[in-house]
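Okay, here's what each chain looks like letter by letter:
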Amino acid sequence: MAITLREVMQIQTTMHLKTFRYRLRPTKAQEATLTEQLRLCRNLYNAALQERRDAYRKAKKTVTGYDQMKSLTEIKAALPEYAGVYSQVLQDVIKRLDKAFKAFFRRVKAGQTPGYPRFKGAGWYDSICYPQSGFSVSEKAAFFSKIGNIRIRLHRPLEGKVKTATITRDCGEWYVNYVCEVESAPLPATGNQVGVDVGTTYFCITSDGEFVENPRHFQRSMKALRVGQRSLSRKKRSSNRHRKAKAAVAKLHRKVARQRLDFHHKTAAKLIRENDLVAHENLNVSGMGKGNLARSIHDVGWGQFFSLLSFKAASAGRTVIAVDPRYTSQACSQCGHTCRENRVSQSRFVCQSCGHTANADLNAALNILARALPSVGNVDQQVMRSPRSPGIYSGE
């Protein structure tokens, strides 16, 4: 019996990857070991990049990641300090470089600005990854091969099967990210469908008439950031005071990023919990972030919000659809008449054909939902894409 595309999607989406992040509390000796391992991995990354670049420039020879991984045994024999780093961690360094080159060649082929892989300076290599084995975790300690048991704050239990562990240094603090394969937990159907129009005055406006305030986290922190940046600019480079001021500014930026992420999580979770289908505009966020409203657009963080929305839909058995954004703000949600004059102001919409009057953003949200509804009945004929790609994403 033939299997439909919907049934294939149901099989594929029963499992998904979920990341759990925990704070590590290493001792001073363990912190020194972690810092040394980051230094060794950074040096290996730079040496591998240098080898690839020189081989092509001098002999027009391409060195692959597989070739470089075969040399790790010789490197550990010649440099005994690398014996103190777990073998798969060293292999992951080469894989990381190989991934950077594949992305470079993909952009070259697509005619985009390629961005050749760069050498990593001090402070620009802040994570090591255990991709398969060499790690375990208990309630109070996380074990890592060649490092030992590190105290961990397990503020919530892990779920599913742990696949990888990545140790990260963030503003002088240490964290571990466990990527787990988790079974989806579909939510009960609500019968609700909603269109979402995003903006900078309001973060988002739904077709149900809900206006979500824009918290403007970066704007609210600008005064403290301005003071910190001025203090940093007065310090002598490479001095202790410069390092402390730089760390203080980094922590301010981290706080803003965490506030934004928390807000996005809560907003996306509410939309997914209350609706079976969520439709939003398929915006070119990176392109929009280069215009006059760049600061406001980067502050609101639409790209991160859309990604979280899709990932939560995958876990909850909901559907997220990204629709064509053209003319959603100029078309009348009642009669369909489209012209620029319909939008008489930033917030007011008056149809020049039927006279319908509404809030401009609410009218746009209704149009977004209307564009998404015809796609719902044709899911079996649609090509399903990843949560980061435009189009339909279903977690059913």
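For the structure itself, consult the block above.
Given the structure is predicted, the values throughout are model-derived calculations rather than measurements.

What counts and what doesn't
- Residues numbered from 1 in each chain as written.
- Predicted model: local features only at pLDDT ≥ 70, side-chain atom pairs only at ≥ 80, totals over all residues.
- Heavy atoms only, no water.
- Helix = DSSP H or I, 4+ residues; strand = E, 2+ residues; numbered from the N terminus.
- Contact = heavy atoms within 4.5 Å.
- Buried < 20%, exposed > 50% of the residue type's maximum accessible area, 1.4 Å probe, protein only.
- 1 Å grid on protein atoms, 1.4 Å probe; cavity = no way out; pocket = protein on both sides within 12 Å on 5 of 7 lines; lining within 4 Å.
- Points joined across faces, edges and corners; volume = space filled by probe spheres on them.
- Nonpolar A, V, L, I, M, F, W, Y, C, P; charged D, E, K, R; others polar.
- Pairing = 2+ DSSP bridges.
- Axes fitted to C-alpha atoms, helices over the stretch in contact; angles between N-to-C directions.
- Core = buried A, V, L, I, M, F, W, Y, C linked by side-chain atoms within 4.5 Å.

Enquirer: What is the right way to read the side chain of Thr 206 from this model?
Expert: By secondary structure assignment, the location of Thr 206 is in strand β9 (residues 202–206). Each residue touching Thr 206, except ones within four places of it in the same chain, is listed here: Val 194, Gly 195, Val 196, Leu 271, Leu 362 and Ala 365.

Enquirer: What's the story with the environment of Leu 277 in this structure? I'm lost.
Expert: Positionally, Leu 277 belongs in strand β11 (residues 277–281). On the basis of relative accessible area, Leu 277 is assigned to the buried category, the value being 4%. As a C-alpha pair, Leu 277 and Tyr 22 span 255 residues in sequence and 32 Å in three-dimensional space.

Enquirer: Is there a simple way to explain empty space enclosed by the protein in this structure?
Expert: To find leftover empty space, a probe the size of one water molecule is rolled over the atoms. Enumeration over the complete set of coordinates arrives at one cavity of 30 Å³ or more. What lines the largest cavity is simply Phe 203, Asn 214, Pro 215, Arg 216, His 217, Arg 260, Phe 263, His 264, Asp 299 and Val 300. Broken down by secondary-structure element, the contributors of at least two residues to the lining of the largest cavity are α7 (240–274) and α9 (294–300). The leading source of residues in the lining of the largest cavity is α7, at three residues. Residues that form the lining of the largest cavity fall into these classes: four nonpolar, three polar and three charged.

Enquirer: Hey, could you run me through the sheet that holds strand β2 (residues 127–130) in this one?
Expert: Paired through their backbone hydrogen bonds, the strands of a sheet run either parallel or antiparallel. One open sheet holds the seven strands; their spatial order is β2-β6-β7-β1-β5-β4-β3, and the pairing between them is antiparallel. Across the chains shown, the open sheet's two edge strands, defined by having one partner strand only, are β2 and β3 (135–137). On average, each strand axis in the sheet is inclined to that of its neighbour by 30°, with strand direction left out of account. Summarising the sheet, strand β6 (residues 161–170) and strand β7 (residues 173–183) pair through nine bridges and their orientation is antiparallel. By the bridge assignment for β7, Asp 170 is matched with Glu 173. Packing of helix α2 (residues 28–59) onto the sheet brings it into contact with β2, β5 (148–153), β6 and β7, and relative to β2 it is tilted by some 90°.

Enquirer: Would you mind going over the nonpolar core with me for this structure?
Expert: The nonpolar side chains of soluble globular proteins are, as a tendency, buried together. Formed by 37 residues in total, the largest nonpolar core has its most connected members in Leu 24, Tyr 130, Phe 144, Ile 167 and Tyr 178. Of all the elements in the fold, those that place two or more residues in this core are β1 (15–25), α2, α5 (87–109), β2, β4 (141–144), β5, β6 and β7. Among all residues touching Phe 144, those that are not within four sequence positions of it are Leu 24, Tyr 130, Gly 134, Phe 135, Ile 150, Ala 165, Ile 167, Val 176 and Tyr 178.

Enquirer: Could you clarify how one ought to interpret unusual backbone geometry in this entry?
Expert: Glycine aside, residues mostly have negative phi, and peptide bonds are mostly found in the trans state. Positive phi outside glycine occurs at Lys 60, with the angle close to 55°. Relative to the assigned elements, Lys 60 resides in the loop between α2 and α3 (65–70). In this structure, Lys 146 is a non-glycine residue whose phi angle is positive, near 75°. Tracing the backbone shows Lys 146 in the loop between β4 and β5. Exposure remark for Lys 146: the relative accessible area of 49% places this residue in the partly exposed category.

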